[in-house]
Amino acid sequence: GENVEQHPSTLSVQEGDSAVIKCTYSDSASNYFPWYKQELGKRPQLIIDIRSNVGEKKDQRIAVTLNKTAKHFSLHITETQPEDSAVYFCAASYSSGGYQKVTFGTGTKLQVIP
Amino acid sequence: NAGVTQTPKFQVLKTGQSMTLQCAQDMNHEYMSWYRQDPGMGLRLIHYSVGAGITDQGEVPNGYNVSRSTTEDFPLRLLSAAPSQTSVYFCASRSFQGPAFFGQGTRLTVV
């Protein structure tokens, strides 16, 4: 099965700085990579995603990059704000037995210091 | 369009009691899943379903049962609650190659 590793587990940045979270995956057949943000006490919610036919995707201050050769993808948040403080999860989606399965990373707790 | 509706939000059980967590989605998604979230351990898959009448075990299935009689509903049953099942539970649904939509979560405490 797929294995997704996520680093770092915790990250503290000053407000206005950039934050980068990295994930690696093991199954080269993985073709869809979503990122989720989970605020304290809330449900995880999709913030951005990328498919394997694209190398980079951007949405305002958030961007995701994908390197299929190295099997890693990263979340980049620029000009961080206190409301970016949350736990971020990466995930990799792949086909297994005719079904599409999803494996989540273990999460990164981001703290933005005002 | 309510998305994924999960109930209850909070529950306290005594060891040995049983209960059912309810999950319903109105997006006509084929895939539904149950996860538990424990501190420092991310989201661990309990059971999942790829369509009505089809379920399978995830990473941590012991002590839990599921059924999928309709596309919309995917209840999770705790057969005999144990303190180790104290956790936050999330139901999620998604289409074949789409993102997951999560329910609001259930904070379960077993005493």
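Residues numbered from 1 in each chain as written. Chains lettered and ligands numbered in written order. Predicted model: local features only at pLDDT ≥ 70, side-chain atom pairs only at ≥ 80, totals over all residues. Heavy atoms only, no water.

Comments concerning the nonpolar core
Core analysis: the biggest nonpolar cluster contains 23 residues, and Trp35(A), Phe73(A), Leu75(A) and Leu110(A) have the highest contact counts within it. If you list the elements that add at least two residues to this core, you get β2 (10-14), β3 (19-25), β4 (32-38), β5 (45-51), β7 (62-67), β8 (72-77), β9 (86-96) and β11 (108-113) of chain A. Those residues within four positions of Leu110(A) in sequence are excluded, and the remaining contacts are Leu11(A), Val13(A), Ala19(A), Ile77(A), Asp84(A), Ser85(A), Ala86(A) and Tyr88(A). Counting residues in each nonpolar core, the second largest holds 19 residues, with Val4(B), Trp34(B), Phe74(B) and Tyr89(B) among its members. (Core = buried A, V, L, I, M, F, W, Y, C linked by side-chain atoms within 4.5 Å. Buried < 20%, exposed > 50% of the residue type's maximum accessible area, 1.4 Å probe, protein only. Helix = DSSP H or I, 4+ residues; strand = E, 2+ residues; numbered from the N terminus. Contact = heavy atoms within 4.5 Å.)

Digging into the pattern of salt bridges
The tally for this structure, following the rule as stated, stands at 5 salt bridges over all chains. As a salt-bridge pair, Arg61(A) and Asp84(A) come within 2.9 Å of each other at their nearest N and O atoms. On the criterion of sequence distance, the pair formed by Arg61(A) in the loop between β6 (56-59) and β7 and Asp84(A) in the loop between β8 and β9 is long-range, its members being 23 residues apart. Between Arg44(B) and Asp38(B) there is a salt bridge whose closest N-O contact spans 2.8 Å. We classify Arg44(B) as buried; its relative accessible area is 17%. Residue classification places Asp38(B) among the buried residues on the basis of a relative accessible area of 11%. Each of Arg36(B), Asp38(B) and Arg44(B) takes part in one network of salt bridges that share partners. (Salt bridge = Lys/Arg side-chain N within 4 Å of Asp/Glu carboxyl O.)

Topic: the environment of Tyr36(A)
With respect to the helices, strands and loops of the structure, Tyr36(A) is situated in strand β4. Each C-alpha atom, one on Tyr36(A) and one on Arg61(A), is 15 Å from the other, the two residues being 25 residues apart in sequence. Those residues within four positions of Tyr36(A) in sequence are excluded, and the remaining contacts are Pro44(A), Gln45(A), Leu46(A), Ile47(A), Val87(A), Tyr88(A), Phe89(A), Ala91(A), Phe104(A), Pro99(B), Ala100(B) and Phe102(B). At 2.8 Å, the side chain of Tyr36(A) forms a polar contact with the backbone nitrogen of Ala100(B). (Polar contact = N/O pair within 3.5 Å; in protein donor to acceptor, adjacent residues only side chain to side chain.)

Here's the deal with the side chain of His29(B)
Residue and element names in this part refer to chain B. With respect to the helices, strands and loops of the structure, His-29 is situated in the loop between β3 (19-25) and β4 (31-37). We classify His-29 as buried; its relative accessible area is 8%. Apart from residues no more than four positions distant in its own chain, His-29 is found in contact with Arg-68, Thr-71, Ser-93, Arg-94, Ser-95 and Phe-101.

Side note on the environment of Phe33(A)
All names here are of chain A. In this fold, Phe-33 is placed in strand β4. Along the backbone, Phe-33 and Ser-12 are 21 residues apart, and their C-alpha atoms lie at a distance of 24 Å. Not counting residues within four places of it along the chain, the set of residues in contact with Phe-33 comprises Tyr-25, Ile-48, Asp-49, Ile-50, Ser-52, Leu-66, Phe-73, Ala-91 and Ala-92.

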